[in-house]
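Each chain, letter by letter, is given below.
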2 protein chains.
Amino acid sequence: MAQKFVYFFGDGQAEGRADMKNLLGGKGANLAEMTSIGLPVPPGFTISTEVCTEFYKNNNTYPASLAADVTANLKRVEALMGRIFGDPKNPLLVSVRSGARASMPGMMDTVLNLGLNDQTVLGIVAQSGDQRFAYDAYRRFVQMYADVVMGMEKEVLDHLLEQKKEAKGVHLDTDLSADDWKELVAEFKAAIKTELGVEFPEDPQAQLWGAIGAVFGSWMNQRAITYRKLNNIPAEWGTAVNVQSMVYGNMGDDCATGVAFTRDPSTGENYFYGEYLVNAQGEDVVAGIRTPQPINRAKETNLPPMEEVMPECYRQLAAIRDILEKHYKDMQDIEFTIEKGKLFMLQTRNGKRTAPAAIKIAVDMVAEGLIDKKTAVLRVAPEQLDQLLHPSLDPKAKKNIIAKGLPASPGAVSGTVVFTADEAESEAKTGRKVILVRIETSPEDIHGMHAARGILTARGGMTSHAAVVARGMGKCCVAGCGDIKVDYVGQTFTAKNGTVVKKGDMITLDGSKGEVMLGGVATVSAELTGDFGALMGWVDEFRTLKVRTNADTPHDAKVARQFGAEGIGLCRTEHMFFDAERIAAVREMILSDDLEGREAALAKILPMQKGDFIGLFREMKGLPVTIRLLDPPLHEFLPQAEQDIIDLSKTMKVPVSALKHKVETLHEFNPMLGHRGCRLGITYPEIYNMQVKAIMEAACELVKNEGFSIVPEIMIPLIATAKELSVLKQNAVVICDEIIARYGVTVEYLIGTMIELPRAALTADEIAVEAEFFSFGTNDLTQTTFGLSRDDAGKFLPFYVENNILPEDPFVSLDQSGVGKLVKMACELGRSARKGIKLGICGEHGGDPSSVIFCHKVGLDYVSCSPFRVPIARLAAAHAALGN
Amino acid sequence: MAQKFVYFFGDGQAEGRADMKNLLGGKGANLAEMTSIGLPVPPGFTISTEVCTEFYKNNNTYPASLAADVTANLKRVEALMGRIFGDPKNPLLVSVRSGARASMPGMMDTVLNLGLNDQTVLGIVAQSGDQRFAYDAYRRFVQMYADVVMGMEKEVLDHLLEQKKEAKGVHLDTDLSADDWKELVAEFKAAIKTELGVEFPEDPQAQLWGAIGAVFGSWMNQRAITYRKLNNIPAEWGTAVNVQSMVYGNMGDDCATGVAFTRDPSTGENYFYGEYLVNAQGEDVVAGIRTPQPINRAKETNLPPMEEVMPECYRQLAAIRDILEKHYKDMQDIEFTIEKGKLFMLQTRNGKRTAPAAIKIAVDMVAEGLIDKKTAVLRVAPEQLDQLLHPSLDPKAKKNIIAKGLPASPGAVSGTVVFTADEAESEAKTGRKVILVRIETSPEDIHGMHAARGILTARGGMTSHAAVVARGMGKCCVAGCGDIKVDYVGQTFTAKNGTVVKKGDMITLDGSKGEVMLGGVATVSAELTGDFGALMGWVDEFRTLKVRTNADTPHDAKVARQFGAEGIGLCRTEHMFFDAERIAAVREMILSDDLEGREAALAKILPMQKGDFIGLFREMKGLPVTIRLLDPPLHEFLPQAEQDIIDLSKTMKVPVSALKHKVETLHEFNPMLGHRGCRLGITYPEIYNMQVKAIMEAACELVKNEGFSIVPEIMIPLIATAKELSVLKQNAVVICDEIIARYGVTVEYLIGTMIELPRAALTADEIAVEAEFFSFGTNDLTQTTFGLSRDDAGKFLPFYVENNILPEDPFVSLDQSGVGKLVKMACELGRSARKGIKLGICGEHGGDPSSVIFCHKVGLDYVSCSPFRVPIARLAAAHAALGN
């Protein structure tokens, strides 16, 4: 038996099904399904994707049996419609559409009215009784076919149309007469002959095969190839071709066309939402020349709704809505046409929806018994939740976009521009809403970032300091905005388009899109509804991966806990060092030339750090708290600019030359690979000793005075060798045990390490002998594994991603085949040496859904992410557990 | 049967053997061996290392059977010697010495004359007939025992001796009389009682067990533990104890003591080399108070040699020399004593020797039929060859060392100080020998480094720019000399000890030791002898690993070929960019804002690069040449200092502001992880295209005009993903094939990549689909795997190595358990994807013997190293093949 290449649908019978998308494409599969369940679908057939594959495999030839199959199926359509393809008296007209598994821009899309020529057009005049309609349809066909099948420049025919209107002295297409269209058809054909040197095909069979060939041909055009490359769609998938009999919504006032959603896609409300136009073609609804009317009065309207204008058709359509939702068990996006009072369904598919709608629909459908909780959880994409947690721009507001940068931290805010952290703080104190604009931020800007409503930087990537800190604070940020030049001296920044923005000017940032707008723009804030709570409840039932947060302050910890964080996975102690009163002591320590001096300075910091930890432990009562010991190189705590050094020398009463010398001595060529992390702990043990003391005294005091149960997890960063950890662990254990004995309490504690260097991952078995937990620092692990500085990658990484040399920014989504391989290896080696070792991740990837799924797969115990991404990580973890 | 713990030797019978070093220690095993082969060894016994282990395992108690065993063996010694231990009339005296597998500083070493007390000393007076000798021996014993066994402060007894000499009005110990010594013994004992609160033990058995206990105890003292930690010696090895009857070289003029080597350890000449002293103890030969005399007239001497003074003993000793060499088949280092005309052997061991001696002895012994070629090859340590290839300081010359840095590149040179590369060049042109002193060097200093005889830098590690380039040039270099402060403005440097060295002052560098000396110091240059050639011939017979060189110029290539290089493993093309006439074009390219401008500048560089490659290919005719495309970030080609920028702006006729802006734009936080390597090739394909063109045109021209057969290997650096390589390879292949077709010749070429990022190693299977060869860039791979910048590591890496947190500098010797694991993984993955893929290494490790052995084990095809290390790598490769 010959292979089956063509699948018929019509009159309640279909050879295809909804689950045959791979073979028939999305459109063809759903047309077949709708037909089978008895919906009124114009008959037609689908040429399968296998034909496309065969076509390219066999040097651009069709399977031998295809022609006969197409003819046979066309006959079935003719029989059902009572019309004959190419018959001058009673012709069948068809549409030819492509339909791949995934919709794909760049592919040939649609040819309508195929089968028209100078003879058959007369048959259409007879069928419709409307000459103008028939010739309008004819000229549309010639125009469309010339464009998408024959590859004619669109502008040539458009120009002829314009000339015709000028000649006739009219402005609108609708003012042209049947004869005008008839003349234009002839002029179009002549122009095609002149331009392309070939005749426009008059034979409907030739037209049909031309269109089929154009669909298959477009699968391999450059745009389609590029799109597939960018989206990792294999060329082998191929496209299907749908040939379907035409129906018309523009044959008179008993005709209409419309699109609808079975529920409101913006809010998720359960009512029938849609728009239609009387006497119109599908493209008119979208084109916006006429204002579409609502299909019903579910929401207030001045326009006559379909339920009143065409009550019978509306009744039918509403019934179909119910059938479709019950059948597909999801909200549907449908297209329909009414020809002379008869309703036809042209498409159905799962509808796109906003985040709030996704949640409401999912929760409602569980209540309605349509789906179960698992399905509901899987219906909401983790990344969507971001929308819920931040205000967004009012979509109806006008925007004057002056620059575009990276969407570094979501949300939308307006405020007046300031250029220094100090200004941000003082302005904010007077109640002004400010946006901090910097070339880039450093840890010294933290107080200004706190005070500002949003942050805009000219340099730095998605994981630059500004981006990471802003996300941690849940604050809107546009980073790496190369479109602006910042002039600190002049207190202005200049956008690429020439706009100069001065200090005090109002701007608006959209951190979800990376846009910078001049002036204020209205924003709308989303609310966390009861549905959100219900859904997240189910999420927590299914997930097995725990979700912690990265938090350095009691405030962050509190926010994260409200979002469902189950502990702190990363508290960066150095952020506590930048506070104005502390930085002086830190600098005093750095400038000391001997141990005594350093210890004296550290003694000043000790009570402050202890206070920090007490605050954190209180917020996180009953949950684990992982505290990382000092990580950045010491030079980050000293100023670098000449003037700042001079100022500091006055404050600290230290000679400028001594300060400069220290800055010089501490200078590093590659600070990322320098004297930081545990290397500081090894060479200056007094620093880590102070921090360990602060942690344990805080824990012991709470246990003693407030009856806490707390398990501090002391985390040592940048370990490369087991020996480093064993030395530092031994120091820490001595201090901890001494303090516990002194307080006379029982406190368990863990000592573990970051795995953030390839060597640590490679020798994780050796390290696990000492480490009681691993936390993967995938930011630095990505930097070292790729040999890629995230502070410098901005110069070429965007080019890499645009040109598909990298599928994604590896600082946003974990590089599973490279960095992920190390993570997996370290998990296995770690477990081999210490059964049940606690494993987590605290890099930025802990809040990225696909990375969270990876973490679940390699068997981590938890992920840790910034407070505002905790719900996203929880949902992603549930998806992972449900095998998504 | 009880375990055997004590091994007897004496009178031609021994229970031990030379191959029982693990059980008996080196000294004990060789004493047994010498006894067995009939040499005159004073009888004694060895308490095995197992006793040490048992002692510590069982809470510091000896095995139950030990006391009886010691007694029984002591009886055998008494029987042979005809003296009784502790007998007042005819006492046996013994020495007690430690003896581990490897000699170990910090351990208790020796107690002589044990068994003496106020009674037995009288027996010694009777035996020797020399009261002064007896009491001198007695006081020496008390002094030594108090020090090493009882832990008495040495100074107390030394002070009593000084007091005694003052009281007697004499200057030398030898001027004290028997009575003086007798008094001193009493005074010593009284002082011991006062200081330690215990009596000096009079009972010889107590003395013996005290000494044995002290040896075992010293195995666990702090110094020994630290030494073992530093040298990776397991504590379980334990030490043995040797108890041996005393013989005396200081009983009169028929007594003597000496040390000898069976061949000259400095030159390797085959004659009996040694020194002796009449009427002396072993320590006197070494102490240098009396000038030792030669044992024979093999070399001219004014002193009476032993062969004339004691001809019979000499004859015996010479015979023993032959026996020992035939028996051990290696040059021996021996100690002997003559007591009253009777010769005793006290020690033999393989002798240490210089590099020239090692080679000569190995080659001679093959000729003599003593050893085979394999053994000869294994007798020379690869690292030793370094001595042969560079001049060294005359050991007899006086040195005024003013500072110490890292021994970055071996050799010794004197010259006058200059502070800039330009000065170095201009001074050298006038014939002056100069030493270039810089805070650190950069690629812009290359011409000055070429012109200088030696290089001294204040900053940077063993793989800093200065160190790497100097080693490549075979030029002496002391790097990272933190002891000096360089003042460019004042044209001076100041050493830590206060010495100020001005421009034009003469200094001397010892690059093998890292020493900086004021003034000139005479040097001696070693020659490559015929023996060297013979040995290297055998080396090449055994090794399977090929050895290539890292060379950027025809001169380097030529030198390396003379040293046996079998191709170029790494030609760094960027070094060709710094030439004065080229750097202008390079800068023009960097400053161009568009492709056209860059291509115009590159067109100027093309013929120069082509010329470079023609030169290299000619030198390397018939051998493979691997050329790495541009690697460093572009900012390395622009000046950074204000004044340099201003100067350049004049030369290039570019506004200062534009230049500064470019420098700023190109600035990177972590250049090591920045926009360099293949990332430049991806974003500026025109640069790599020019280089590929230069390589292929050079190859094609030589093939066409000179009938060459050459296979250029084009190497793409810093690959992180297979996609990068596939894009760049495709570009290169198009260019190569076009050029080959244009010239109408046949040229094979390979396109491969560096594996120098962890991600490349982890995904080596994907990369090998494109790469025709891998070359491990272990410098950068070490930096990224460890997260360790070699330019910055100087601040903490020395501390790490000193404190044994790292066993070695991983930039000098490959970190096999971390970086090596990646290399191994990449080899396996690479071979799995491309059978027979060519594998090499071009990092600095390619010239480090232990790393070369690792490379052999993981199955690399070749190592590549700087020209002057090629012989070292060849020898190491042979050692590897011979299973060393």
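Residues numbered from 1 in each chain as written. Chains lettered and ligands numbered in written order. Predicted model: local features only at pLDDT ≥ 70, side-chain atom pairs only at ≥ 80, totals over all residues. Heavy atoms only, no water.

### Focus: the overall build of chain A
Part 1: Assigned secondary structure in chain A consists of 34 helices and 32 strands.
Part 2: If one aligns the C-alpha atoms of chain A with their principal axes, the spans along those axes are about 105 × 60 × 55 Å.
Part 3: For chain A, the proportion of its 884 residues judged to be buried stands at 58%.
Part 4: Carbon together with sulfur atoms contributes 52% to the accessible area of chain A, which is approximately 34,600 Å² in total.
Part 5: Taking the average place of the 95 positive charges on the side chains of chain A and the average place of its 114 negative ones, the gap between the two points comes to 2 Å. (Helix = DSSP H or I, 4+ residues; strand = E, 2+ residues; numbered from the N terminus. Buried < 20%, exposed > 50% of the residue type's maximum accessible area, 1.4 Å probe, protein only. Areas by Shrake-Rupley, 256 points an atom, 1.4 Å probe, with all protein chains shown as cover. Lys, Arg positive; Asp, Glu negative; His and termini not counted. Charge placed at Lys NZ, Arg CZ, Asp CG, Glu CD.)

### What about the sheet that holds strand β16 (residues 434-438) of chain A?
All names here are of chain A.
Part 1: The sheet built from 8 strands is open, its strands ordered β13-β23-β22-β15-β16-β17-β18-β14 with mixed pairing. Each edge of the sheet is formed by a strand with only one pairing partner; in this case those strands are β13 (401-404) and β14 (406-409). On average, adjacent strands in this sheet sit at an angle of 30° to one another, irrespective of strand direction.
Part 2: The pairing of strand β15 (residues 412-418) with β16 spans 3 bridges and is parallel. Along β16, the bridge assignment pairs V418 with L436. (Pairing = 2+ DSSP bridges. Axes fitted to C-alpha atoms, helices over the stretch in contact; angles between N-to-C directions.)

### Side note on the interface of chain B and chain A
Part 1: Counting from both sides, the interface comprises 54 residues of chain B and, opposite them, 54 residues of chain A.
Part 2: Regarding the contact of chain B and chain A, the summed buried area is about 4,600 Å², with carbon and sulfur atoms giving 58% of it.
Part 3: On the chain B side of the interface with chain A, the three residues burying the most area are F669, L673 and R759 of chain B, jointly 14% of the side's total.
Part 4: At the junction of chain B and chain A, the tally comes to 2 salt bridges.
Part 5: Applying the counting rule to chain B against chain A returns 30 residue pairs in polar contact (both at pLDDT 80 or more).
Part 6: Elements with a contribution of two residues or more to the side of chain B that touches chain A: α24 (656-666), α25 (678-683), α27 (722-743), α28 (758-762), α30 (778-786), α31 (797-802) and α32 (819-833) of chain B.
Part 7: Looking at the side of chain B that touches chain A residue by residue, the classes come out as 22 nonpolar, 17 polar and 15 charged. (Contact = heavy atoms within 4.5 Å. Buried area = accessible area lost by both parts, 1.4 Å probe. Salt bridge = Lys/Arg side-chain N within 4 Å of Asp/Glu carboxyl O. Polar contact = N/O pair within 3.5 Å; in protein donor to acceptor, adjacent residues only side chain to side chain. Nonpolar A, V, L, I, M, F, W, Y, C, P; charged D, E, K, R; others polar.)

### Things to note about the sheet that holds strand β8 (residues 239-245) of chain B
Part 1: Pairing in this open sheet of 6 strands is antiparallel, and the strands run β2-β1-β3-β8-β6-β7 (chain B) from one edge to the other. Both edges of this open sheet fall to β2 (13-14) and β7 (110-114) of chain B, since each of them pairs with a single strand only.

### A closer look at the confidence of the model for chain A
Part 1: Summarising the model, chain A shows a mean pLDDT of 92, and 98% of its residues fall at 70 or more.
Part 2: For this predicted complex, the interface score ipTM comes out at 0.82, alongside a pTM of 0.83. (pLDDT = per-residue confidence, 0-100.)

### Details of the packing of aromatic side chains
Part 1: Considering all chains together, one arrives at 38 aromatic pairs over all chains under this definition.
Part 2: Aromatic pair F133 of chain A and Y248 of chain A: ring centres 5.0 Å apart, planes at 90°, arrangement edge-to-face. You can see F133 of chain A sitting in helix α5 (residues 131-148) and its partner Y248 of chain A sitting in the loop between β6 (239-245) and β7 (256-261), a full 115 residues away along the chain.
Part 3: What makes F133 of chain A buried here is its relative accessible area of 6%.
Part 4: Judged by centre distance (6.4 Å) and plane angle (45°), the rings of Y135 of chain B and Y138 of chain B are tilted. Within this pair, Y135 of chain B and its partner Y138 of chain B are both found in helix α5 (residues 131-148), separated by 3 residues, close to a single helical turn. There is no split in this pair, since Y135 of chain B and Y138 of chain B are both buried.
Part 5: Connected via pairs of aromatic rings, a cluster forms that spans F55, Y56, Y62, W209 and F216 of chain A.
Part 6: Residue placement shows K4 of chain A over the ring face of Y7 of chain A; its charged tip is 4.9 Å from the ring centre. (Phe/Tyr/Trp six-rings, centres within 6.5 Å; stacked < 30°, edge-to-face > 60°. Lys NZ or Arg CZ within 6 Å of the ring centre and 35° of its normal.)

### As for the packing of α5 of chain A against helix α6 (residues 154-168) of chain A
All names here are of chain A.
Part 1: Direction vectors running N to C along α5 and α6 enclose 155°, while the axes themselves pass 9 Å from each other. Considering their axes alone, α5 and α6 lie roughly antiparallel with respect to each other. Only K154, L157, D158 and L161 of α6 make contact with α5, whose side of the interface consists of R139, Q143, A146 and D147.
Part 2: Classifying every residue of the contact of α5 with α6 gives 3 nonpolar, 1 polar and 4 charged. (Parallel < 35°, antiparallel > 145°, perpendicular 65-115°, else oblique.)

### Description of the nonpolar core
Part 1: Among the nonpolar cores identified, the biggest contains 297 residues, and F617 and F774 of chain A together with F617 and F774 of chain B are the most heavily contacted of them.
Part 2: Other than its neighbours up to four places away in sequence, F617 of chain B contacts V625, I627, I695, A698, A699, L702, F708, I710 and P712 of chain B.
Part 3: Residues F8, F55, F200 and F216 of chain B belong to the second largest nonpolar core, which totals 64 residues. (Core = buried A, V, L, I, M, F, W, Y, C linked by side-chain atoms within 4.5 Å.)

### Points about the pattern of salt bridges
Part 1: Counted under the stated rule, the structure contains 114 salt bridges over all chains.
Part 2: A salt bridge links D118 of chain B to K189 of chain B; the nearest nitrogen and oxygen atoms lie 3.2 Å apart. Here D118 of chain B, found in the loop between β7 and α4 (120-128), pairs with K189 of chain B, found in helix α7 (residues 178-196); they are 71 residues apart in sequence, far enough to count as distant.
Part 3: Accessibility expressed as a relative area gives 39% for D118 of chain B, which makes it partly exposed.
Part 4: Several salt bridges share partner residues, and in doing so they unite D540, R543, K546, E566 and R874 of chain A into one network.

### Regarding helix α33 (residues 849-857) of chain B
Part 1: Among all positions of α33 of chain B, only P849, S851, V852, I853, F854 and C855 of chain B are buried.
Part 2: Backbone geometry just after α33 of chain B places G859 of chain B at a positive phi near 85°.

### A closer look at the side chain of S592 of chain B
Residue and element names in this part refer to chain B.
Part 1: When you line up the elements, S592 lands in the loop between α21 (580-591) and α22 (595-619).
Part 2: On the accessibility criterion, S592 (13% relative accessible area) is buried.
Part 3: Ignoring sequence-local partners within four residues, the contact set of S592 consists of G597, R598 and K662.

### So, the relation of the copies chain B and chain A
Part 1: For the pair chain B and chain A, the relating rotation is 180°, the translation along its axis is 0.1 Å, and the fit reaches an RMSD of 0.1 Å. In the structure described here, the two chain copies are related by an operation that fits a two-fold rotation axis. In terms of C-alpha distance to the rotation axis, chain B has N670 of chain B as its closest residue, with the C-alpha 2.2 Å off the axis.
Part 2: A shared interface surface links the copies, since 100% of the contact residues of chain B are contact residues in chain A too. (Least-squares fit on C-alpha atoms with pLDDT ≥ 70 in both.)

### A look at unusual backbone geometry
Residue and element names in this part refer to chain B.
Part 1: Of note, K329 is a non-glycine position whose phi angle comes to about 55°, a positive value.
Part 2: A positive phi angle, near 55°, is found at K653, a position not held by glycine.
Part 3: Examined against the element boundaries, K653 turns out to sit in the loop between α23 (642-652) and α24.

### Brief notes about a negative patch on the surface
Part 1: Among the surface-exposed residues, D593, D594, E596 and E599 of chain A lie close enough to one another that they form a single negatively charged patch.
Part 2: If you trace the backbone, D593 of chain A turns up in the loop between α21 (580-591) and α22 (595-619). (Patch = residues over 30% accessible without salt bridge, like charges linked within 9 Å, V, L, I, M, F, W, Y side chains within 5 Å.)

### A few points about the pairing of β7 of chain A
Successive residues of a regular strand alternate their side chains across the two faces of the sheet.
Residues and elements named next belong to chain A.
Part 1: The element β7 is extensively covered by neighbouring structure, given that 5 of its 6 residues are classed as buried.
Part 2: As paired strands, β7 and strand β8 (residues 273-278) are joined by 6 bridges and run antiparallel to one another. When the sheet's bridge partners are listed, A256 is paired in β8 with V278.
Part 3: One ladder, built from 6 bridges, connects β7 with strand β10 (residues 332-339); its direction is antiparallel. The residue bridging F261 from the neighbouring strand is D333, located in β10.

### Notes on the side chain of R598 of chain A
Residues and elements named next belong to chain A.
Part 1: In this fold, R598 is placed in helix α22.
Part 2: Residue class for R598 comes out buried when judged on its relative accessible area of 15%.
Part 3: Those residues in contact with R598, other than ones at most four positions away along the chain, are M589, S592, D593, Y684 and E686.

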